[in-house]
Each structure stands twice: as structure tokens, then as C-alpha cells.
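Here is how the chains run, residue by residue.
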Amino acid sequence: MYSVPIKILLVEDNQADADFFGELISEARETNWSLVHVEFFKQALSFLSKNSVDVVLLDLSLPDKQGLSMVDQIHQAAPNLPIVVLTGLNDQVIALEALRRGAQDYLVKDKIDCNLLPRAIRHAIERAQTRKKLRQSEEQLQRLNEELEHRVAEQTDELRQKNQSLRREIQERQRLEEELRKTLFKEQELSQLKSNIIAMISHEYRTPLTTILSSTELLENYSHQWPEEKKQRHFQRIYSTVAHLTGLVNDVLLINKAEAEKLEFSPAPLDLVAFCREIAEESRLTAKTHHQISFESKCLSLKACMDEKLLRQILSNLLSNAIKYSPKGGNIELQVACEDNTVIFCVRDQGIGIPLPEQAQLFTAFHRSSNVGTISGTGLGLAIVKKCVGFHNGTIAVESAMGVGTTFTVKLPLNSLISQTAGAYSNSNQ
Ligand code: ATP
Ligand code: MG
């Protein structure tokens, strides 16, 4: 027995039918009923908007409204409210359509009796409650599902982030390892360079020092009886040997600084044509009369921003090699040209050449080719040249054939060309 009264809204315009249904309900004493009867559909809607009921008994043919759309409207006004449709027609089609639209049950008025009506009402309420519970558990399930999806998405995201940070960590570690490997390699190179320098000093310094010592001793003991010309010869020998040793020290310091990346790069405006002319002139003084040194330029002046000291190292080392490794003399050419914002220096000789298999190591400090014979040298010049070219972001290439000659081509980008004067320039010492 329902202890709380079941509230019924009966929507029926036929008073006799309404009274009859009221009687049938009141006879069903095992349930507590409370019945409200309205005749018009709009009265029903108005009642539902202010009161709550447990079930609606709805006649489908009212004075102000007919048909199944009433089922929809009641559900809009009171969602989930069980509706039992009352129809005078024994019309299966309408009845089934009412169920499809959400009515709980339908009763054919002529066939309603004291058992059918209360039972239909109770079943309608129970079905609606079961449906409500079902919907609630579906909603709960849906919520749980969504929550689960959300959590899975969160965890996937967390995992992705962890993965990314792990990948970054690995990359950082690889970078550090690579840096460490490079530093180690650099240190090994520097330590190798130092051992080479020590070996070179002990080897290369001994003879010049002996020369200086012997000339000094001779001058000290015999100068009083020597003619002036012989004394001057020994002084000259001392001067040039000291100059040679100073050159060696300077080279060692320079390569050491360059290897330790401590060499200064200070570009300043300079006229490359005038500068090359000056270098060619200096080389002529070194070469004396054995070689013909010519200088050629495709323009009269070429003003650019470059480091003069480093450029001097490049050109004077290449020219001094050209002179030194052309023992039988011959033509030596220095050319300068400007093409596509690049300055190109060429130093060409007709000397001993460089064996092809050894050309790859030419710029390694202390490397000397196997064909130098008794020509003296330390193997530092080209290593210095390479570093100086690198500072200007340039390139150096060599073309050489044994017994034919060698050409070094240096290309330096003219990032800061200041001006260029058209014309051509050439000079030579013969
Ligand atoms: P230094 O340090 O006094 O310059 P070096 O001339 O031996 O000594 P690099 O100028 O570095 O050293 O040259 C390295 C080697 O390259 C030389 O020993 C020589 O074998 C070869 N080489 C360089 N220039 C020429 C050239 N123009 N013709 C032939 N061989 C050359
Ligand atoms: Mg040299």
C-alpha cells in the first residue's frame, strides 16, 4: 500500500466519464489517492506549472486541444511525468503512437474497470520511476565514462610531457657529451701542438744559436785583426740569424694563439690593391734577383674592411713559400681580383710542386712535404695562413704538380667592400 497519496491529474471534458473514473479510483482502497479533475488542456498545463502530480490521465479529445501533441506538451511542462492516455476509440495506431511519444500506457475508455484503472496508474508510475532510475544510472555511467576519458587524456598528456622533457634531457646530455668530446679533442690537439713546438724549438733553435755563438766568439777574439768588411759579414750573420729566430718565435706564438682561439680579429678599411703592391715589393727584397715577382690587379683600387695583420700573414707566407720552393728561380705571380662580392688572391709559382697524396695535410701544423729536400722550414706557415683565412670566413685551395709549379687561391668574402675603382694594374721587378 502506498502510504503517501498518489496525486492524479485527470484531464477529461466528459463529466460522466470523469465521475466514473473518480469512482473507480476511490474504490481501490489499498492505495491512497488524491484526484484533481480539469476539463481543458490549458487548465492542465497551468495546474502542472504550479503543482506536482504523480500521474496524468489524459483524454486525447478535449474542447481546446486534441491529439497526441498534448503528450509532448505535457512532457515539456513536466519532464518524466507518467501519462496514461485515455481514448474513446479502440484505435491501436493512436495508442501505439502515444507510447512512442513517451506515454506510459493507454486505456480504452469502454474497457476500463475498477481493476484496470488503478493497476494501469500504479504500473505507469512504477515504469516511469524505473525509467527515471535507468536514465539516472545511464547518466552516471556516462559521467563516469567521461571522467575516465578525461583522466586517461590527462595521464596521456602527462606522459607525453614527461616523454618530451626526457627527450630534451637526452638531447641536452648528447649536446654536453659532444661539447666535452670536442673540448677533449681540442685539448689533445693543443697538447700535441705543444709537444711539436718543444720538439721544433730544440731542433730548429740549436743551429742558429750555434751560429750566433760562433760569430760572437770570433768577433770577440779576432775582430781587432780583421778587416772591416769581414767584421760586417759576421755582424750581418748574427742579425739575420736573430731575425730568423724572432720569426720562428712569432710563428709559434701566432699558431698557439690561433689554436687556443685567442687570436684577435680587427678588420679596418684598407686598399687591397695598394696593400698587395706593398707585399709584392717586400717579397722582391727577400727574393733578391733569383725570381721575377709580378703583381697584377683587375682594378686600380679595391677598398674593403679586413684585418691587415692577418692578411699580411696570408700573402707573405704564400709568397715566401713560392720563393722558397722555387730554388731555380722562375716567375712568381700575385694576382688580385674581385668577383661577386668576393676578393680572390692567387699566388702562382713554377717551383718543385707538392706530391698529390700529401696535399690534404698541407695545412696541418708542422707538416712538410716529402720533396722539400734540404729547404729549411718548420711547417707552420700554411697552418697560420689557414687560420687567418678562416677568420675572414674565406677558403683556400691549392693546385700543384711536381716539377711544374703550385698555385694557391684564397677567396675572402667582401662583406664590407667600401669602394672599387675600375681599371687594371700590374708591375714586376724585371
Ligand atoms: P715555415 O713554417 O717556415 O713556413 P714551411 O714552409 O715548411 O715552413 P708551410 O709554409 O706550412 O711550412 O708549408 C708546408 C709545406 O708545404 C712545406 O714544407 C712544403 O712541403 C709545402 N709547400 C708549401 N708551399 C709550397 C710551394 N709553393 N711549392 C711547393 N711546396 C710547398
Ligand atoms: Mg712556409
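Residues numbered from 1 in each chain as written. Chains lettered and ligands numbered in written order. Predicted model: local features only at pLDDT ≥ 70, side-chain atom pairs only at ≥ 80, totals over all residues. Heavy atoms only, no water.

Trainee: Kindly report on the confidence of the model for the protein chain, identifying the contributing residues and their values.
Mentor: Mean pLDDT over the protein chain: 90, with 96% of residues reaching 70 or higher. The element-level mean pLDDT for the protein chain is lowest in strand β12 (residues 417–428), coming to 64, with strand β10 (residues 395–401) highest at 97. (pLDDT = per-residue confidence, 0-100. Helix = DSSP H or I, 4+ residues; strand = E, 2+ residues; numbered from the N terminus.)

Trainee: How would you sum up the site of ligand 1? Please name residues and give values.
Mentor: Residues in contact with ligand 1 amount to 20 residues; listed here are only the nearest, Asn-321, Tyr-325, Arg-368, Thr-378 and Leu-382. Contact between ligand 1 and Thr-378: an oxygen atom at 2.6 Å from a side-chain N or O atom of the residue. In the complex, the protein chains occlude 95% of the 590 Å² of accessible area that ligand 1 would expose alone. Because more than half of its atoms lie within 2 Å of the grid, ligand 1 is assigned to the largest pocket. Where the shell around ligand 1 is concerned, the elements lending two or more residues are α9 (308–324), α10 (381–391) and β11 (405–413). Residues belonging to the shell around ligand 1 are distributed by class as follows: eight nonpolar, nine polar and three charged. (Near = heavy atom within 4 Å. Polar contact = N/O pair within 3.5 Å; in protein donor to acceptor, adjacent residues only side chain to side chain. Areas by Shrake-Rupley, 256 points an atom, 1.4 Å probe, with all protein chains shown as cover. 1 Å grid on protein atoms, 1.4 Å probe; cavity = no way out; pocket = protein on both sides within 12 Å on 5 of 7 lines; lining within 4 Å. Sits in = over half its atoms within 2 Å of the grid points. Nonpolar A, V, L, I, M, F, W, Y, C, P; charged D, E, K, R; others polar.)

Trainee: I'd love a proper account of the layout of surface pockets, names of residues and values included.
Mentor: The calculated volume of the largest pocket comes to roughly 1500 Å³. Around the largest pocket, the lining is made up of 48 residues, and of these Ser-316, Asn-317, Ser-320, Asn-321 and Lys-324 lie nearest the centre. Of all elements in the fold, only α7 (228–259), α8 (272–287), α9, α10 and β11 reach the threshold of two or more residues within the lining of the largest pocket. Partitioned by chemical class, the residues of the lining of the largest pocket number 15 nonpolar, 24 polar and nine charged. (Points joined across faces, edges and corners; volume = space filled by probe spheres on them.)

Trainee: Explain the nonpolar core residue by residue, including any values.
Mentor: Among the nonpolar cores identified, the biggest contains 54 residues, and Leu-272, Leu-311, Ile-314, Leu-318, Val-343 and Phe-345 are the most heavily contacted of them. It is α9 that contributes the most residues to this core, eight residues altogether. Those residues in contact with Ile-314 that sit more than four places away from it in its chain are Val-385, Cys-388, Val-389 and Val-410. Leu-9, Leu-62, Leu-68 and Met-70 belong to the second-largest nonpolar core, a separate cluster that totals 24 residues. (Core = buried A, V, L, I, M, F, W, Y, C linked by side-chain atoms within 4.5 Å. Buried < 20%, exposed > 50% of the residue type's maximum accessible area, 1.4 Å probe, protein only. Contact = heavy atoms within 4.5 Å.)

Trainee: Break down the pattern of salt bridges for me, citing the residues and quoting the values.
Mentor: Applying the stated criterion to the full structure yields 21 salt bridges. Salt-bridge contacts for Asp-157 lead to Arg-160; the nearest nitrogen and oxygen are separated by 3.3 Å. Highlighted residues: Asp-157 and Arg-160, both in helix α5 (residues 116–204), separated by three residues, approximately one helical turn. Note on Asp-157: relative accessible area 33%, which makes it partly exposed. Residue Arg-160 is classed as partly exposed on the basis of its relative accessible area of 47%. Ionic pairing is found between Arg-348 and Glu-333, a salt bridge with its closest N-O pair at 3.0 Å. (Salt bridge = Lys/Arg side-chain N within 4 Å of Asp/Glu carboxyl O.)

Trainee: For the domain arrangement of the protein chain, give the residues involved together with the corresponding values.
Mentor: Once the domains are mapped, the protein chain shows domain 1 (6–135) and domain 2 (264–428). Here the C-alpha centroids of domain 1 and domain 2 sit 111 Å apart. (Domains from an automatic or database assignment.)

Trainee: Explain the pairing of strand β5 (residues 105–108) to me, and be specific about the residues and the numbers.
Mentor: Side chains of β5 alternate between two faces, with Asp-105 and Leu-107 and Tyr-106 and Val-108 buried alike. Two elements, strand β4 (residues 83–87) and β5, share four bridges in a ladder whose sense is parallel. Across the sheet, residue Thr-87 finds its bridge partner in β5, namely Val-108. (Pairing = 2+ DSSP bridges.)

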